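Close look at the chain arrangement
The lines below spell out each chain.
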Amino acid sequence: MKLDIDAKAREVSFSVPTKVYSEDALRIAAAVFESKCVASAGESKGRHELTLKARKDLGAEGLAALAGEFGNELLNQEYRFVVARFNRKVADFVVAFAKTDANDGAR
């Protein structure tokens, strides 16, 4: 991941592919990091353009670490969506079976 760091402005910018990361995952990751930074996002050429503005002075190394931590959280949130989609059919089957079983017991 290529980082653009501006230590004086307390900002780090980078991009991630829109095919991999959803806007929902971006919003949740930004909410998780709300106490550490203000996250803003734009989109261009199939990529989310992200800028993190740290709430305190971190220096260049700290900003790079912040971007890495944010990237990890972003991946974690997207993975949750993937797992939820994967498990959706099983969850629907369990609910349908439970409803059927409950209706059989009511007779």
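Here the structure is a predicted model, which means the values were calculated and not measured.

**Section: the pairing of strand S4 (residues 47-54)**
The alternating pattern of S4 places His-48, Leu-50, Leu-52 and Ala-54 on a buried face, while none of Arg-47, Glu-49, Thr-51 and Lys-53, on the opposite face, is buried. In this sheet, S4 lies alongside strand S2 (residues 11-17) in antiparallel orientation, the contact comprising 7 bridges. By the bridge assignment, Pro-17 is partnered in S4 with Arg-47. When strand S3 (residues 37-44) meets S4, the two strands line up antiparallel, connected through 8 bridges. Bridge pairing links Gly-42 to Glu-49 in S4. The antiparallel pairing of S3 with S4 creates a hairpin that spans 2 residues between the two strands, and Lys-45 there sits at a positive phi of about 45°.

**Brief notes about the environment of Gly-59**
Tracing the chain through its elements places Gly-59 in helix H2 (residues 59-105). With relative accessibility at 22%, the residue Gly-59 sits in the partly exposed group. The sequence separation of Gly-59 and Asn-87 amounts to 28 residues, and the corresponding C-alpha distance is 42 Å.

Thresholds, definitions, all that
- Residues numbered from 1 in each chain as written.
- Predicted model: local features only at pLDDT ≥ 70, side-chain atom pairs only at ≥ 80, totals over all residues.
- Heavy atoms only, no water.
- Buried < 20%, exposed > 50% of the residue type's maximum accessible area, 1.4 Å probe, protein only.
- Helix = DSSP H or I, 4+ residues; strand = E, 2+ residues; numbered from the N terminus.
- Pairing = 2+ DSSP bridges.

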